[in-house]
Amino acid sequence: MEQRIDTVIIGSGICGLSLAHFLSKQSKEFVVLEASNKVGGIIQTENKSGFICENGPNTVLLNNDAIIELVKNCGLWESLNLPSEISNKNRYVLHKNELALIPVSFKKFISSPLLSFTSKFRLLFEPFIPKHKENTTVYDFIVKRFGKDFHDQLIEPFITGIYAGDTKLMSAKHSLKILWNLEQSYGSVLIGLIKQKRKSKQIGSFNLPMGLSQLIHKIAEPIKDRIHLNTQVEKVVKNEFGYEVSSNSGRIFCKKVICAVPAYALHDLFIDEQLKSVLQKVKYTPVDVFHFGFKKENIENKAPGFGVLTKPSDNKSYLGILFSSRTFDHVAPKGSELFTVLVGGMRQKELCELPVEELEKRVLNELEQLIGHKGSLDFKKHYRWKRGIPQYDMNQEELNNVIVAFEAQNPDLFILGNFYAGISVSDCILKAKNIANKID
């Protein structure tokens, strides 16, 4: 089957769907080709036994105009579930096997047990440390500016929470973009933070009554006739009229192509060897996601908060635990609590190769010890991502440069994804909006 259309979007994750939404608002002609039998990509919500479980992202940041516009266009603005105020403030790391608050103010930082007096005193010298002249790893960047203790106790868990990554491999310029830009602009992260704080505003996040997949369904519903599921794109070839997109369903001739698929899928679509080479270097960490439900009355530790992150020295079988129902009470039945446990990443890859039953037993035991649970397990669910989170490592600069050059050589072809130029859901939506604005 052959078809001619103006624009082809490959992939129906949040990147591809957001772009399709913004194009539809501009009355543009397009189709979306999706290899699997459903839309949404890594945003996957499952509602079981009254528990609302997120296999992928658990919240979305309201940190740019594009995400706000998208939510409002979908008629969901009044339906947003915001985190409880205390969960926004209370985020924990482990310290001597107990929950310790991450300090969010100067006063709390001074009294925090996470850092020694020497480590805290050392921060006073950060403004006098020369800024980096070239990119370096997250580990080297933080140790140079703030010391190893600061890295080990605060930054390493933070990176775990976003990328499940290894700070000794990750790019400071791309993984810690805000801190890197502050250093480059002001010569000091601390001075930059002080100056930025005067004009900054609180950034919130949200979930939805039926989970984040509710947003996916709201985006997809009005354009469902233009979404073709079970359509595996095999290659994209440039021709004199634009592009030829070949799939298991036939060929489409189009003027514009937007590739919104993971790096490992994008790798096979083009014959450009430089692009293929750099895409092959993009690593994805495996992540196992466990959901456990308990009766509230059987839990001793009721510390309010968003969750807890670990560091290698904690010797835990999990990267972090989200206190899901303490953040959003709608995700668990009344009288119950839901916890989301994340396992794997760069430092625990081998755990994601264990039989699920064995890993579940280990993780559940550690969770029950932490929250002081005694009694029966009410609910459990598991999901395994073999290729979960893309790593912004020291190849990231080369990746960005090659993609920019490739797009310049191929007019009206755009590459969109969470593996470069921003990993969060809101980053992806903003990138989609920007591309929609470029398309004539």
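Examining the packing of helix α1 (residues 14–25) against helix α11 (residues 213–220)
One can describe the packing of α1 onto α11 by two numbers: an axis separation of 9 Å at closest approach and a directional angle of 40°. Here α1 lies oblique to α11, going by the angle between them. As for the relative orientation of α1 and α11, their crossing is left-handed in sense. Residue-level inspection shows Ile14, Leu17 and His21 of α1 in contact with α11, the latter providing Ile216, Ile219 and Ala220. Looking at the contact of α1 with α11 residue by residue, the class counts come to five nonpolar, one polar and no charged.

A word on the environment of asparagine 97
Structurally, asparagine 97 can be placed in the loop between β6 (91–95) and β7 (98–101). Within the structure, the side chain of asparagine 97 is placed 2.8 Å from the side chain of lysine 316, a separation counted as a polar contact.

Description of the environment of glutamate 2
Mapped onto the fold, glutamate 2 is located in strand β1 (residues 2–10). Placed 69 residues apart in sequence, glutamate 2 and valine 71 show a C-alpha to C-alpha distance of 35 Å. For glutamate 2, the residues in contact, after removing those within four places along its chain, are Arg251 and Phe253.

Some remarks on the pattern of salt bridges
Counted by the stated rule, this structure contains 19 salt bridges. The salt bridge involving arginine 145 is made with glutamate 126; its shortest N-O contact spans 2.6 Å. Placement of the pair is arginine 145 in helix α6 (residues 138–146) and glutamate 126 in the loop between α5 (117–122) and α6, with a sequence separation of 19 residues. Owing to a relative accessible area of 0%, glutamate 126 belongs among the buried residues under this scheme. The salt bridge involving arginine 384 is made with aspartate 288; its shortest N-O contact spans 2.9 Å. With arginine 384 in strand β17 (residues 379–390) and aspartate 288 in strand β13 (residues 284–295), this residue pair connects regions lying 96 residues apart in the sequence. A residue is classified by how much of its surface remains accessible, and aspartate 288, at 0% relative accessible area, is buried. Salt bridges sharing partners connect three or more residues here, namely Glu2, Glu244 and Arg251.

Some thoughts on the packing of α1 against helix α17 (residues 425–438)
Two numbers describe how α1 lies on α17: the axes approach to 8 Å, and their chain directions differ by 40°. As the angle between them shows, α1 and α17 are arranged oblique. Remark: the crossing between α1 and α17 carries right-handed chirality. Across from Ile14, Cys15, Ser18, Leu19, Phe22 and Leu23 in α1, the residues of α17 making contact are Val425, Cys428, Ile429, Ala432, Lys433, Ile435 and Ala436.

Considerations on the packing of aromatic side chains
What characterises a pair of aromatic rings is the spacing of the ring centres plus the angle enclosed by the ring planes. Taken as a whole, this structure holds 14 aromatic pairs when the rule is applied. Measuring from ring centre to ring centre gives 4.5 Å for phenylalanine 51 and phenylalanine 379, while their planes differ by 15°; the resulting arrangement is stacked. One end of the pair, phenylalanine 51, is in strand β4 (residues 51–54); the other, phenylalanine 379, is in strand β17, and 328 residues separate them in sequence. Comparing phenylalanine 51 with phenylalanine 379, the two get one shared label, buried. Geometrically, the ring pair formed by tyrosine 92 and phenylalanine 323 is tilted, given 6.2 Å between the ring centres and 40° between the ring planes. You can see tyrosine 92 sitting in strand β6 and its partner phenylalanine 323 sitting in the loop between β15 (320–322) and α14 (324–327), a full 231 residues away along the chain. Site record: aromatic cluster; members linked through ring pairs are Tyr92, Phe294, Phe323 and Phe339.

Thoughts on the sheet that holds β7
Strand order in the open sheet formed by seven strands is β7-β6-β14-β15-β16-β13-β17, with mixed pairing between adjacent strands. The sheet is open, and its two borders are formed by β7 and β17, each paired with just one other strand. Shown here is a sheet whose adjacent strand axes are inclined to one another by a mean of 30°, direction ignored. Two elements, β13 and strand β16 (residues 336–344), share nine bridges in a ladder whose sense is antiparallel. Its bridge partner lying in β16, aspartate 288 is registered against valine 343. Contacts from helix α15 (residues 356–371) reach β6, β7, β13, β14 (307–309), β15, β16 and β17, with the element oriented near 55° to β13.

Focus on the nonpolar core
Of all hydrophobic cores here, the largest spans 40 residues; its most connected members are Ile9, Ile14, Leu19, Phe206, Ile258, Leu416 and Ile429. Of all the elements in the fold, those that place two or more residues in this core are α1, β2 (30–33), β5 (60–62), α2 (65–73), α11 and α17. Per-element tally for this core: the top contributor is α1, with seven residues. Excluding residues that lie within four positions of it along the chain, leucine 19 makes contacts with Ile9, Ile258, Leu416, Ala432, Ile435 and Ala436. Membership of the second largest hydrophobic core comes to 31 residues, among which are Ile5, Val233, Leu275 and Val402.

Procedures and definitions
- Residues numbered from 1 in each chain as written.
- Predicted model: local features only at pLDDT ≥ 70, side-chain atom pairs only at ≥ 80, totals over all residues.
- Heavy atoms only, no water.
- Axes fitted to C-alpha atoms, helices over the stretch in contact; angles between N-to-C directions.
- Helix = DSSP H or I, 4+ residues; strand = E, 2+ residues; numbered from the N terminus.
- Parallel < 35°, antiparallel > 145°, perpendicular 65-115°, else oblique.
- Left-handed = near helix turned anticlockwise from the far one by under 90°.
- Contact = heavy atoms within 4.5 Å.
- Nonpolar A, V, L, I, M, F, W, Y, C, P; charged D, E, K, R; others polar.
- Polar contact = N/O pair within 3.5 Å; in protein donor to acceptor, adjacent residues only side chain to side chain.
- Salt bridge = Lys/Arg side-chain N within 4 Å of Asp/Glu carboxyl O.
- Buried < 20%, exposed > 50% of the residue type's maximum accessible area, 1.4 Å probe, protein only.
- Phe/Tyr/Trp six-rings, centres within 6.5 Å; stacked < 30°, edge-to-face > 60°.
- Pairing = 2+ DSSP bridges.
- Core = buried A, V, L, I, M, F, W, Y, C linked by side-chain atoms within 4.5 Å.

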